[in-house]
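Here are the chains, one letter per residue:
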Amino acid sequence: MANLQRTRLALVGCGLISPAHIRAFGSQKERLELVACCDRDKTKAESAVSLALGVMQEGDSISATTDFNALLADETITALDLCLPHHIHKEITLQALRAGKHVLCEKPLALTPEDCDLMAQEARTQNRVLMHGENMRTASNIIAAKQAIDSGRVGTVVGLQATYAHWQSEVLNKDWRTRPSESGGGHLMDGAIHFVDVLRHLGGEIAGVHAMTAQYRPELGAESEDTAVLNFRFEQGHFGQMFASHASRGRGASPIVTVFGTEGCLSVEPFGGAGSVVLFPREGERENLFSDHNWQTTFDNEVSHFLDVIREGATLYSTPEDGRENIRVVLAAYESAKTGREVPVPKWGDG
């Protein structure tokens, strides 16, 4: 029988992405009780609480705190949602798991594959859920595309293309994002990793990467790339491409992903409305497979799935191993950009 008591959760990190998570909590307020918003900046924590009070159940008490250790010590808190700078994901996750909390941790899961595995092992040791917080994995349009591919609608996949281009606000790159030792890199690690996950999810594991990087906006980090082109070799033999930039103004990308197959082609559009996922079959008219995609729903789905896993025992859909593999591909891309050569991404554990 399902547990009817609401899951008590605390948000840790009240920066850029936290409002999307808070609204997602509101979409699950019948199952989730947000008890605290924690940040080292008390003003940010208070702003997060103000937003949360408007979306959670009337009468809920939500505290603003700077005391992370108090959250760990509170045995009534079941889970933590971590929206933190990349370089502290590992340590904070390990502390949370050892305190008996389930953890939803924003991407990238950590800065190295080895750290991801340490986190995953700790989750197993503590018998707790560690969910890789990749909202593209729970995006309804990507799920619809995956279902179409798996059901044979495009036949054999022969290639994939992805585009992730936008103009990064300079305000976002005033602190840790400017330092690769803390961010893990530039746009590839911070933004384009979303579409590494999409390409792996739709096309299978990546066996090799050939990458080129460039910088047009040094104000976003003098040591970091803001633009990259990647070619992929997939384990199943097909190829892929990605153009990624946060130095591009205007409309961005449409489609964001295209899947080419022997029986048809899939186009995944970014702007919602009719035609969010479109199938172009070998014969006949194009078919709209999914409509009305929006960005906030990706986070709503993410939080909903996290609750399904910890409350109902559902199978985890976005795993620490997925987080590890995304990082392996990005790190291979960085090595390729330095050497000018294709860099293999062998199966994990093959040496």
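Here is a short report on the structure shown in this document. Predicted, not measured: the structure shown is a model, and the values here were computed from it. (Residues numbered from 1 in each chain as written. Predicted model: local features only at pLDDT ≥ 70, side-chain atom pairs only at ≥ 80, totals over all residues. Heavy atoms only, no water.)

Brief notes about the overall build of the protein
Piece 1. For the protein, the count of helices and strands is ten helices and 15 strands.
Piece 2. Taking 20 Å as the expected radius of gyration for a compact globule of 351 residues, we find that the protein reaches 20 Å, a close match to that expectation.
Piece 3. Buried positions account for 54% of the 351 residues belonging to the protein.
Piece 4. A total of about 15400 Å² of accessible surface is found on the protein, and carbon and sulfur atoms cover 48% of it.
Piece 5. Taken as two groups, the 33 positive and 46 negative side-chain charges of the protein have centres that lie 1 Å from each other. (Helix = DSSP H or I, 4+ residues; strand = E, 2+ residues; numbered from the N terminus. Rg over C-alpha atoms; globule rule 2.2 N^0.38 Å. Buried < 20%, exposed > 50% of the residue type's maximum accessible area, 1.4 Å probe, protein only. Areas by Shrake-Rupley, 256 points an atom, 1.4 Å probe, with all protein chains shown as cover. Lys, Arg positive; Asp, Glu negative; His and termini not counted. Charge placed at Lys NZ, Arg CZ, Asp CG, Glu CD.)

A few points about the pairing of strand β10 (residues 239-245)
Piece 1. Alignment of strand β7 (residues 157-165) against β10, held across seven bridges, turns out to be parallel. Residue alanine 162 lies in a different strand from β10, and its bridge partner there is methionine 242.
Piece 2. Sheet topology note: the strand β9 (residues 227-234)/β10 ladder contains seven bridges and is antiparallel. Bridged to threonine 227 within β10 is serine 245.
Piece 3. In this structure, the hairpin formed by β9 and β10 is closed by a connection of four residues, where glycine 237 is found at a positive phi of approximately 110°. (Pairing = 2+ DSSP bridges.)

Here's the deal with the packing of aromatic side chains
Piece 1. Applying the stated criterion to the full structure yields three aromatic pairs.
Piece 2. A ring pair is formed by tryptophan 295 and phenylalanine 299, whose centres lie 4.8 Å apart and whose planes are at 70°; its orientation type is edge-to-face. On the criterion of helical spacing, the pair formed by tryptophan 295 and phenylalanine 299 is a turn pair, its members being four residues apart in helix α9 (residues 295-312).
Piece 3. If you follow arginine 217 out to its NZ or CZ, it ends over the ring of tryptophan 167, 3.6 Å from the centre.
Piece 4. It is arginine 249 that lies over the ring of tryptophan 167; its NZ or CZ is 3.7 Å from the centre. (Phe/Tyr/Trp six-rings, centres within 6.5 Å; stacked < 30°, edge-to-face > 60°. Lys NZ or Arg CZ within 6 Å of the ring centre and 35° of its normal.)

What about the nonpolar core?
Piece 1. Of all hydrophobic cores here, the largest spans 68 residues; its most connected members are Val209 and Met242.
Piece 2. The element best represented in this core is helix α8 (residues 187-203), accounting for nine residues.
Piece 3. Beyond its immediate stretch of four places on either side in the chain, methionine 242 contacts Ala162, Ala192, Phe195, Val196, Leu199, Ala228, Val229, Leu230 and Phe232.
Piece 4. Core analysis: the second largest hydrophobic core is formed by 27 residues, Cys14, Leu34, Cys37 and Ile310 among them. (Core = buried A, V, L, I, M, F, W, Y, C linked by side-chain atoms within 4.5 Å. Contact = heavy atoms within 4.5 Å.)

Things to note about the environment of leucine 53
Piece 1. Along the chain, leucine 53 falls in helix α2 (residues 42-53).
Piece 2. Of the residues examined, leucine 53 reaches a relative accessible area of 47% and is grouped as partly exposed.
Piece 3. Separated by 132 residues in sequence, leucine 53 and glycine 185 have C-alpha atoms that sit 35 Å apart.
Piece 4. When sequence neighbours within four positions are dropped, the list of residues in contact with leucine 53 reads Asp60 and Ile62.

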